[in-house]
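Descriptive structure summary
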Amino acid sequence: MRILLVGNYTLDKQASMQRYADTLRQHLASRGHQVEIIRPRPILGKLIAQPTVRKWLGYVDKYVFFPFDLRSRARGFDLVHICDHSQSMYLPHAGSCPVSITCHDLLAIGSAQGRYPSQKISFTGRRQQRWILRHLSKASNVVCVSANTARELAMFSGGTTQSVCVIPNPLNFDFSPAPRESILNLRSRLGITSDERYLLHIGGDVWYKNRLGVVRIFELLLEILRVAGTPPLRLVIAGERSSQRTRSFITSNLVEGSVVEAVNPSNEDLMSLYSGATALLFPSLYEGFGWPLIEAQSCGCPVITSNRPPMTEVAGSAALYIDPADEPAAAALIAANLENLTPLCEAGFRNAKRFDPEAVILAYEEFFAAATESQRRTNDAVRRT
């Protein structure tokens, strides 16, 4: 099959969406498909560095120039797949080619509709999200990365999408238990001795990732361990650098050195972090999927995460579930189970196999075949009338 994937505008720096598109391309190509990725070209957006002006010029690149590129390139392909639902406005520009789209989460759409009152969305932002939802609601072939995302899409769209299929995200790196030497090397670079235990958190310092909640839970956990006479843990935070608010909390409330930051680690270093951790602490308030859950499980790292979907859906029975809204109870539950997390390792290995790229890509192949067949039947019916 000849498949054209529509990726994201590079100046938007949406790394996870770029990885997703590249993962699809790599694994579809390995199964014999002819696959290309087309992205909006930075034309005007690269001319000026000032963020606000660049953003508006980027809109011209994405919403004025790119639809012409897409319509032209779509000719000759069997299917166009838009890799990010925030680009749903491109759906009408695939011409007569069958077109499908992946919906990752409805966070921005929900925020624009006031579902998360603490999130203030500008007037133009609300208009943009309504535009995205309007086109997404009309989509004929939609992949949702979790059943929770599919439920939210049905709620926001009024159930108007014609065909929704749940296909989870595949692992986008060959995560597995790291060699001991790699773990020790990374520990040395971070200033963590070989006999020290640590909890690992990974994610950006944005509200729904709940990084400040992670640190508050950790503070409460350390106090429980101190009272019980249990050796303390350290906390490693991996991802983008913490905000000033988070750093101030750490400085004011935790012993110096108890929290270590690993800023934007490579996949290899991340694998060592997972492999050497006592557990992954991932109390997100909202996720579309939650890649770190299966990355950790693939490395033999026990998972502690929120008792909310899609975390419960993705981590399955191989996790310790906490309520991120009740931090004292979360810390107490972690302390009570800290010495009994080993059974989660083997269960995690089994669960992570559900997200093997080969199995996920096979589901995509079946979905794409159904989409093209549906379009063929529609075209035949139109020709007969």
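Residues numbered from 1 in each chain as written. Predicted model: local features only at pLDDT ≥ 70, side-chain atom pairs only at ≥ 80, totals over all residues. Heavy atoms only, no water.

**Considering the overall build of the protein chain**
Selection criterion: Helical segments are the DSSP runs of H or I of at least four residues, strand segments are the runs of E of at least two, and each set is numbered from the N terminus. Put simply, the radius of gyration uses C-alpha atoms, and a globule should come to 2.2 Å times the residue count raised to 0.38. Exposed residues in this analysis have more than 50% of their type's maximum accessible area, buried residues have under 20%, and partly exposed residues fall in between, with area computed by a 1.4 Å probe over protein chains only. Contacts were defined at the residue level, with two residues in contact if any of their heavy atoms lie within 4.5 Å. The accessible surface values rely on the Shrake-Rupley method and a 1.4 Å probe; as for residues, cover is taken only from the protein chains in view. When charges are counted, Lys and Arg are positive and Asp and Glu negative, with His and the chain ends excluded. By convention, the point assigned to a charge is CZ for Arg, NZ for Lys, CD for Glu and CG for Asp.
The helix and strand inventory of the protein chain stands at 14 helices and 12 strands. Over its C-alpha atoms the protein chain spans a radius of gyration of 22 Å, differing by no more than 12% from the 21 Å that the globule rule assigns to 385 residues. Each principal axis of the C-alpha atoms in the protein chain carries an extent, and together these give about 80 × 45 × 40 Å. Per-residue burial for the protein chain yields a buried fraction of 51% across its 385 residues. For the protein chain, long-range pairs separated by at least 24 residues make up 67% of all intrachain contacts whose partners lie at least 6 apart in sequence. Total accessible area computed for the protein chain in this model is approximately 17,500 Å², and 53% of it derives from carbon and sulfur atoms. For the protein chain, the distance from the average site of its 42 positive side-chain charges to the average site of its 35 negative ones is 9 Å.

**Details of the packing of aromatic side chains**
The condition is simple: Here a pair means two rings of Phe, Tyr or Trp (six-membered ring of Trp) with centres within 6.5 Å. Their orientation is stacked below 30 degrees between planes, edge-to-face above 60, and tilted elsewhere.
Per the stated rule, a full pass over the model turns up 12 aromatic pairs. Every member of this aromatic cluster is reached through a ring pair, and the members are Trp56, Tyr59, Tyr63 and Trp131.

**Topic: a nonpolar patch on the surface**
Rule in force here: Distance thresholds for patches are 9 Å for like charges and 5 Å for nonpolar side chains (Val, Leu, Ile, Met, Phe, Trp, Tyr), applied to residues having over 30% relative accessible area and no salt bridge. Whenever Lys or Arg places a side-chain nitrogen within 4 Å of a carboxyl oxygen from Asp or Glu, that contact is recorded as a salt bridge.
Among the surface-exposed residues, Ile43, Val64 and Phe65 lie close enough to one another that they form a single nonpolar patch of about 210 Å² accessible area. Within the secondary structure, phenylalanine 65 sits in helix 2 (residues 51–74). Judged by relative accessible area, which is 32%, phenylalanine 65 ranks as partly exposed.

**Thoughts on the sheet that holds strand 2 (residues 34–38)**
Backbone hydrogen bonds are what pair the strands of a sheet, in a parallel or an antiparallel way. Rule in force here: At least two bridges found by DSSP between two strands is the condition for calling them paired. Helix axes are fitted to C-alpha atoms over the stretch in contact, other axes to C-alpha atoms as well, and angles between N-to-C directions run from 0 to 180 degrees.
Spatial strand order, 2-1-3-4-5-6: 6 strands in an open sheet with parallel pairing. A strand with exactly one partner marks an edge of an open sheet, and here the two such strands are strand 2 and strand 6 (164–166). For this sheet, the mean angle separating the axes of adjacent strands, direction not counted, is 25°. Contacts from helix 1 (residues 15–30) reach strand 1 (2–6), strand 2, strand 3 (79–82) and strand 4 (99–103), with the element oriented near 165° to strand 2.

**What about the pattern of salt bridges?**
If you walk through the whole model with that rule in mind, you get 15 salt bridges. The partner of lysine 62 in a salt bridge is aspartate 12, with the nearest N and O atoms 2.9 Å apart. Of this pair, lysine 62 sits in helix 2 while aspartate 12 sits in the loop between strand 1 and helix 1, and the two are 50 residues apart along the sequence. A residue is classified by how much of its surface remains accessible, and lysine 62, at 10% relative accessible area, is buried. Classification of aspartate 12 by relative accessible area gives partly exposed; the value is 35%. Measuring nitrogen to oxygen at the nearest pair gives 3.3 Å for the salt bridge that ties arginine 31 to glutamate 358. Residue arginine 31 is located in the loop between helix 1 and strand 2, and its partner glutamate 358 is located in helix 14 (residues 357–384); the two are separated by 327 residues in the primary sequence. Salt bridges sharing common partners tie together Arg31, Glu358 and Glu365.

Everything listed is a geometric property; what it means functionally is a separate question.
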